[in-house]
Amino acid sequence: MTETGTTVEDGSNTRRHRIYVRGTVQGVGFRPFVHQAAADLGLVGWVRNEGSSVAIEVEGPGERLADFRNALEGSPPPLAEVLEVLVTPIEPVGETVFQVLASERRDEPVQVASDIATCADCLAEVLDPDDRRHGYAFTNCTNCGPRFTIVDQVPYDRTNTTMSAFTMCEACRAEYEDTSNRRFHAQPTCCPDCGPSLTLTDLSPDGPPPNDPIDRAAARLLDGEVLAVKGLGGYHLAVLADSESAVERLRSRKHREDKPFAVMVPDLDAAQGLCEVDAIGEDLLTDPARPIVLLRRRPDCPIADAVGPHTTEVGLMLPYTPLHHLLLRAVGRPLVLTSGNASDEPIAYRDDDARRRLAGIADAILSHDRPIRIRTDDSVVRSVAGQPMAIRRSRGFVPDSLRLPVPTRRPVLGVGAELKSTVALADGDRAVVSHHIGDLRHLETHGSFLEAIEHLGRLFQIEPQVVAHDLHPDYLSTAHATGIEGVDLVGVQHHHAHVAACLVDNGRTDEVIGVAFDGTGHGTDGTSWGGEFLVADLAASTRRGHLEVLPLPGGDAAMREPWRMAAVHLAHLGDPMAETPLRGRQPSWDDVVALAGSDLAGRTSSAGRLFDAVAALVGVRDVANYEGQAAIEFEQRVDPSETGAYRAGLFDDGTLVVRGSDLFAAALDDLRTGIDVGRIAARFHHGLADAVVETCDRIRADGGPEVVALTGGVFLNRVLLTRAVEGLEGCGFEVLRHREIPPNDGGISLGQVAVAAAFDRR
Ligand SMILES: [Zn+2]
Ligand SMILES: [Zn+2]
Ligand SMILES: [Zn+2]
């Protein structure tokens, strides 16, 4: 408890208000801010955390109480987000001071904040040779530092974090208790005398003994070695980003063929030297969440090609812990910082596990003794058609809650899909989406799926009574949901969940035309969908159109081998033996064509597979080494000077069908007449976008809505999204697109809880 002596003057005008402030108001310096505001205005009373809210009683002259309320709403601390201020007048009690009271534990959900990049004040201290935290890698304050990655349970107090093992020294304790200090009630605050410390562990048998861990680590990196670095939400693997040989070494040890690595640079200037950074890119790079931002490389960009083979983009991020700042400064060159794992496994975050799993990959480990409570990968964003769009929402954004436009009647769990998996919990109008979990088919990922459900449930004190799941009978998430006892199950069609996620992202409840383009999702007819036009609101959806349905020869294999869909399309055109160079490269071509013509092949309307077919046809990629690779590289080949568009037929057989094979056939014609890949790529993208516009127009003409939601992973494609938005808006549609919630399967769990909540109300 902290007291200061602000005395209220006597006067007949004295009033007292009981105030609740809802939002992200804990662990963000809100109580010291309230204390200061009250002191500035000469008011008395108290402030404390209550559940998710901050409760205040404040007393003084009426006009100053109005000023106080304005301060709460108008100038809260930088990391706070005030959603609501509720004021109730009560009887004055005549105290003489304003107090900060200890938290009151209450049985209502609480708000745990996300991890925040090192603030400018802390960085200045770390770099100041005269400061007691000079060079200290764990410096933080109320405005920055770890939160979600260290908290074990609520309330958010030091004893409930992985900092509980470190006892504050006298100097830190004094700062922690001083209401005027930047570190007042900063739970992870520490210094070199009392906090965690770094160690550099050599993994080669005869390495030299360590002295200063950061200098030693930098020297190893400058020698081209691979370093494991313990970060905020897990271990990274680091190498020099401008050294082809160092990056190749990391690729071969990690068994990762093509998937691009992220690169950390010291500041915005350095980022601008490597990539084209527009205003949105600047905002994203410097956001306190410090996501990885996908940016176009400058022609003279010195980043090694091996960082992102076959791609013109690179994912950049700025340092978000003092350790990163110190390491980048010591190295003086950009660093690859990629997840600490072998390909496809979840990121390592426990020390013993990291040591075991990274032993064959890293030459040394730069670690520390502050445990990570939950693994949290870096977030990924890009700017698309003039707006930011989340690709992976994880560290820095999780567990910030989202507002459900239709509140739940009973608490809901959404278990997500299978790839890019997340889970979501919702209670009332608040939904919390987990960190990125990944591909559930990996055993270790499945473990972290279970842990995420348990951990989020505990942090937010939500016990689900309704569980929403995908309709796919073989997804492990579905199996988990159906195995939970004592709850009601709601199966949500995959693309309906995508549309619902887009509605939540835009705070909407109205009926829309949902255009859901992705790789695959289980349809209500048991086939694989992925090029869908749904008329949907949160509670219900009807399939009004889709891309042409074609055979899917060999499920997962068709996803990994885009050439198979090219073979399907050529066969569909009655030209299976077309003499393309592609056919010559694939010995099993005829078998795949035979499979596609048999009853054994699945059927799909997937937009992702249509991209695969055309990309493979024109020689962009026969085999994908990561999900969506062919489509991503095809988009990058688009010649921006080309304005032409292929035309896809649209016919009505009860539902509207967009003839994707027309786009493929047009590309084949162009290929045969020697048109270059850049023009073909542009005409294909434009043609598909135009088909979206035409189909939505037809649905509207039949009495459908005038609002279109564009969703599904395919709408991460800049060229497609930009042209579709322009075309739709040109036809008078209102267009909803994703911003905070990824359009890919990372958003499915949120869509599921939104649908289940709306359904449960009906
Ligand atoms: Zn700070
Ligand atoms: Zn200390
Ligand atoms: Zn999907």
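Rules and cut-offs
Residues numbered from 1 in each chain as written. Chains lettered and ligands numbered in written order. Predicted model: local features only at pLDDT ≥ 70, side-chain atom pairs only at ≥ 80, totals over all residues. Heavy atoms only, no water. Helix = DSSP H or I, 4+ residues; strand = E, 2+ residues; numbered from the N terminus. Rg over C-alpha atoms; globule rule 2.2 N^0.38 Å. Buried < 20%, exposed > 50% of the residue type's maximum accessible area, 1.4 Å probe, protein only. Contact = heavy atoms within 4.5 Å. Areas by Shrake-Rupley, 256 points an atom, 1.4 Å probe, with all protein chains shown as cover. Lys, Arg positive; Asp, Glu negative; His and termini not counted. Charge placed at Lys NZ, Arg CZ, Asp CG, Glu CD. 1 Å grid on protein atoms, 1.4 Å probe; cavity = no way out; pocket = protein on both sides within 12 Å on 5 of 7 lines; lining within 4 Å. Points joined across faces, edges and corners; volume = space filled by probe spheres on them. Nonpolar A, V, L, I, M, F, W, Y, C, P; charged D, E, K, R; others polar. Phe/Tyr/Trp six-rings, centres within 6.5 Å; stacked < 30°, edge-to-face > 60°. Lys NZ or Arg CZ within 6 Å of the ring centre and 35° of its normal. Domains from an automatic or database assignment. Buried area = accessible area lost by both parts, 1.4 Å probe. Salt bridge = Lys/Arg side-chain N within 4 Å of Asp/Glu carboxyl O. Polar contact = N/O pair within 3.5 Å; in protein donor to acceptor, adjacent residues only side chain to side chain. Core = buried A, V, L, I, M, F, W, Y, C linked by side-chain atoms within 4.5 Å.

Secondary structure assignment for the chain yields 23 helices and 32 strands. Relative to its length of 762 residues, the chain is compact, with a C-alpha radius of gyration of 28 Å against a globular reference of 27 Å. Expressed along its principal axes, the backbone C-alpha trace of the chain runs to roughly 90 × 70 × 50 Å. Residues classed as buried in the chain amount to 61% of the 762 residues present. In the chain, the share of contacts with a sequence separation of at least 24, taken over all contacts with a separation of at least 6, comes to 73%. Taken as a whole, the chain presents about 27600 Å² of accessible surface, with 48% of it coming from carbon and sulfur. With 74 positive and 112 negative side-chain charges, the chain shows a spacing of 1 Å between the two charge centroids.

Space inside the second largest pocket adds up to approximately 1100 Å³. The wall of the second largest pocket is formed by 47 residues, among which Glu 81, Arg 393, Asp 400, Ser 401 and Glu 740 lie closest to the centre. Those elements giving two or more residues to the lining of the second largest pocket turn out to be strand 2 (14-24), strand 5 (81-90), helix 8 (279-286), strand 16 (380-384), strand 17 (387-392), strand 18 (402-403) and helix 13 (494-505). At four residues, the largest contribution of residues to the lining of the second largest pocket is made by strand 17. Its residues assigned to classes, the lining of the second largest pocket shows 21 nonpolar, 11 polar and 15 charged.

Moving on: the packing of aromatic side chains. Following the criterion strictly, the structure yields seven aromatic pairs and no others. Measuring from ring centre to ring centre gives 5.8 Å for Phe 517 and Phe 533, while their planes differ by 85°; the resulting arrangement is edge-to-face. With Phe 517 in strand 24 (residues 512-522) and Phe 533 in strand 25 (residues 528-536), this residue pair connects regions lying 16 residues apart in the sequence. With a relative accessible area of 0%, Phe 533 lands in the buried category. For the pair Phe 611 and Phe 684, a centre-to-centre distance of 5.0 Å together with 90° between the ring planes defines the contact as edge-to-face. Highlighted residues: Phe 611 in helix 18 (residues 607-617) and Phe 684 in helix 21 (residues 677-701), separated in sequence by 73 residues. Taking relative accessible area as the criterion, Phe 684 reaches 0% and is therefore assigned buried. Note that Arg 251 overlies the ring of Phe 261, its terminal NZ or CZ placed 4.1 Å from the centroid.

What follows concerns the domain arrangement of the chain. Where the parts come together, the accessible area they lose is often given as the size of the interface. Splitting the chain by domain gives domain 1 (2-100), domain 2 (198-368), domain 3 (401-506 + 745-761) and domain 4 (528-535 + 544-736). Facing five residues of domain 2, the contacting portion of domain 3 comprises four residues. Where domain 2 abuts domain 3, roughly 390 Å² becomes buried across the two surfaces, and 43% of that area is made up of carbon and sulfur atoms. Here domain 2 and domain 3 share two salt bridges between them. A salt bridge links Glu 451 to Arg 350, with the shortest nitrogen-to-oxygen separation between them at 3.8 Å. Looking at the side of domain 2 that touches domain 3 residue by residue, the classes come out as two nonpolar, no polar and three charged.

Among the structural elements, His 325 can be located in helix 9 (residues 322-331). On the basis of relative accessibility, which here comes to 6%, the residue His 325 falls in the buried class.

Locating Arg 373 in the fold gives a position in the loop between strand 15 (364-368) and strand 16. By relative accessible area, which is 14% here, Arg 373 ends up buried. Among the polar contacts made by the side chain of Arg 373, one reaches the side chain of Asp 152 at a distance of 2.3 Å. A polar contact is formed between the side chain of Arg 373 and the side chain of His 455, at a distance of 3.4 Å. Each residue touching Arg 373, except ones within four places of it in the same chain, is listed here: Thr 149, Ile 150, Val 151, Asp 152, Thr 162, Tyr 349, Glu 451, His 455 and Arg 458.

What follows concerns the nonpolar core. Residues Val 515, Phe 517 and Leu 710 are the most contacted members of the largest nonpolar core, which totals 114 residues. It is helix 21 that provides the largest number of residues to this core, a total of 12 residues. Residues lining this core come from more than one domain, with at least three contributed by each of domain 2 (198-368) and domain 4 (528-535 + 544-736). In contact with Leu 710, not counting residues within four places along its chain, are Cys 502, Val 515, Val 692, Phe 715, Leu 721, Ala 724, Val 725, Leu 728, Val 735, Leu 736, Arg 737 and His 738.

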